[in-house]
Amino acid sequence: MADQEFERDERLIEARRLKRLEMKRRRMIRQRITLGVIFVVLVVLIVVIVRSCGSSDTPTDPVTPPVDPDTTITDTPDPTPASATATLSAVGDIMIYESQLQDALQDDGTYNFLPSLAPVSTLLTASDLTVGNFEANFGGDPAGYPNFRAPTSLATTLSGLGFDILQTANTYSIQNGVTGLQSTVSTIRDAGMDTLGTYLSADDKAANQVVVREVNGIRIAFIGFTKGLNNLTLPTGSEYAVDLLYTDYATNYSTVNTAAISAAVTAAQATEPDVIVAMVHWGSEYETTVSSTQEQIANQLIQSGVDVILGSHPHIVGPMELRTVTVDGAEKEVFIAYSLGNFLAAMTREDQTYLNEGVVLNLEFTKTGDETVISSVDYVPTYRFDNGETAINRYEVRSVYDVLNNNPDETTRTLMEQALTNLANNTASTFARANTGAADATDTSGTADTSGSTDTSGSTDTGSAQ
């Protein structure tokens, strides 16, 4: 029965992946047809203009039709500009520990991570774009902590589940050297996804520092940064390899790399985007408090033109806020998620109860004319289950709502309700999506009403730990 369920899940994921690829192919065809029609129209207009200019040397007065004095002439109102929408989903840290490798290992020596993520596959494929923080390397023999080398099959699985972009600028970018970084970038790109924040060469950085994805005519530009590299330093000559938030990235994390941040945002602006998203690996592990330098970085990003900041590194979900700001004299709303927590990671700490809790954050952008706004924000709470060493599938990431709506035992129900409370408290917001799957579900953290977000700008720096 378990094998049948797994095969059914695998077929479902493959069908969704093929459908997503077909949708992308159709969009490209439509774009090409549209460009072709525009080109033909321009050619015809040019021919008509040229012929009209050369057809007569004697100008003629235009004939004005008579106007009935009893006729009232009214201006025709301009049509209302059409609106377009694009959706983005984001998750936190994707990490691979030794126990996860053992769980995914198959009899033939290959690795299959699909069972761990199949329960949330519909959440990952529902949006136009899906992004996450990949905190590991590809290349060499698979290994857990502290080297975090994942088998290449994980890249294929993530791509099939709908991931479009993986942030690779983080603590473990060069854990296996610059060659490990390069192998990671190549593997992810070969799987059909983009990498963010790390590069194969200086030329590669010039070409790929900004990742632009266009959805329904909305151009979204992504940039990525990390605070540090697990106390490692980039080798001389490889400074291009990682985008860094601090100049003292291997020591104190106290001096913000303002020049590099400005250069990245300027490069993003040059792509003429409608939305700029910055994915940043920052803050302190196991802390929800926002430091003063994080606020400095956030303010610089926002004032430079960034619309969305997606944070990672603390391994627990942190504050979220929809902030009204004034940039270049114009008022707009920007969204900040200081930490999206863990998404897939067999991380354990005796003194920490939040490590298994995560979110799938959902953002909607609406473009009307030349203006694009954040039109919706919500998150779906997730939980990483450990079903035990003897289970066929030991690790599973599941929607908290799905668990609650399927008659869990009392212990599991209490655990899920506590997770909802923790997430509401740690995000200091009411962005949790309502659990519409259960008529009598207790709404512990509200709906997508963004008015309840908390401004954490008064916080102070609480430490330099990565």
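See the structure shown above.
Note that the coordinates shown come from a computational prediction; the quantities given were computed from them, not determined experimentally. Sequence order as written defines the numbering, with residues in each chain counted from 1. Under the rules for a predicted model, residues below a pLDDT of 70 receive no local features and side-chain atom pairs below 80 are neither given nor counted, while totals for whole chains, interfaces and linings still include all residues. Heavy atoms from the whole structure form the basis of all side-chain values; hydrogens and water molecules are not counted.

A. Geometry of the overall build of the protein chain. A run of DSSP states H or I qualifies as a helix once it reaches four residues; a run of E qualifies as a strand once it reaches two. Both are numbered from the N-terminal end. Regarding its fold elements, the protein chain presents 11 helices and 16 strands. Contacts in the protein chain between residues far apart in sequence, at least 24 positions, make up 71% of those at least 6 positions apart. Here the protein chain has roughly 22,200 Å² of accessible surface; of this, 50% comes from carbon and sulfur atoms. In this description, contact between two residues means that some pair of their heavy atoms is separated by no more than 4.5 Å. Exposure was quantified through the Shrake-Rupley algorithm and a 1.4 Å probe, taking into account, for residues, occlusion by the shown protein chains and nothing else.

B. Region of interest: the pattern of salt bridges. In what follows, salt bridge is the name for a side-chain nitrogen of Lys or Arg lying within 4 Å of a carboxyl oxygen of Asp or Glu. Overall, the coordinates contain 12 salt bridges when judged by the stated rule. The partner of Arg323 in a salt bridge is Glu321, and the shortest N-O contact between them spans 3.0 Å. For the exposure calls, accessible area comes from a 1.4 Å probe over protein chains only, and a residue counts as buried if that area is under 20% of its type's maximum, exposed if over 50%, partly exposed in between. Classification of Arg323 as buried rests on a relative accessible area of 12%. Residue Glu321 is classed as buried on the basis of its relative accessible area of 2%. One salt bridge in this structure joins Asp386 and Arg394, with 2.8 Å as the shortest N-O distance. Judged by relative accessible area, Asp386 falls into the partly exposed class, the value being 39%. The buried category is assigned to Arg394, whose relative accessible area is 15%.

C. Quick look at the packing of aromatic side chains. Two rings from Phe, Tyr or Trp (for Trp, the six-membered ring) form a pair when their centres are within 6.5 Å of each other. A pair whose planes differ by under 30 degrees is stacked, one over 60 is edge-to-face, and the rest are tilted. Throughout the structure, instances matching the rule amount to nine aromatic pairs. Seen from their ring centres, Tyr111 and Phe113 are 6.5 Å apart, and the 10 degrees between their planes marks the pair as stacked. Among the residues examined, Phe113 registers a relative accessible area of 2% and is labelled buried. Where Tyr246 meets Tyr253, the ring centres are 6.0 Å apart and the plane angle is 70 degrees; that geometry is what we call edge-to-face. Each member of the pair, Tyr246 together with Tyr253, is buried. By way of ring pairs, the aromatic residues Tyr97, Tyr145, Phe148 and Tyr172 are connected into one cluster. Positioned above the aromatic ring of Tyr286, the side-chain terminus of Arg349 is 3.8 Å from the ring centre. Distance and angle both matter: a charge sits over a ring if NZ of Lys or CZ of Arg is within 6 Å of the ring centre and within 35 degrees of the ring normal. Seen from the ring of Phe385, Arg398 lies directly overhead, with NZ or CZ sitting 5.7 Å from the centre.

D. Examining the pairing of strand E9 (residues 275–281) more closely. E9 sits mainly inside the fold: seven of its seven residues count as buried. Burial of E9 is two-sided: the residues Val275, Val277, Met279 and His281 facing one way and the residues Ile276, Ala278 and Val280 facing the other way are all buried. Paired strands are those between which DSSP finds at least two bridges. Note: strand E8 (residues 218–226) against E9, seven bridges, orientation parallel. Looking across to E9, one finds that Gly224 is bridged to Met279. Crossover handedness is defined by viewing with both strands directed away from the observer: a clockwise path from the first strand over the helix to the second marks the crossover as right-handed. Tracing the backbone out of E8, into helix H8 (residues 258–269) and back to the parallel element E9 gives a crossover that is right-handed. Pairing analysis gives five bridges linking E9 to strand E10 (residues 308–312), with the strands arranged parallel. Across the sheet, the residue bridging to Val280 is Gly311, located in E10. Handedness of the crossover joining E9 and E10 through helix H9 (residues 292–304) is recorded here as right-handed.

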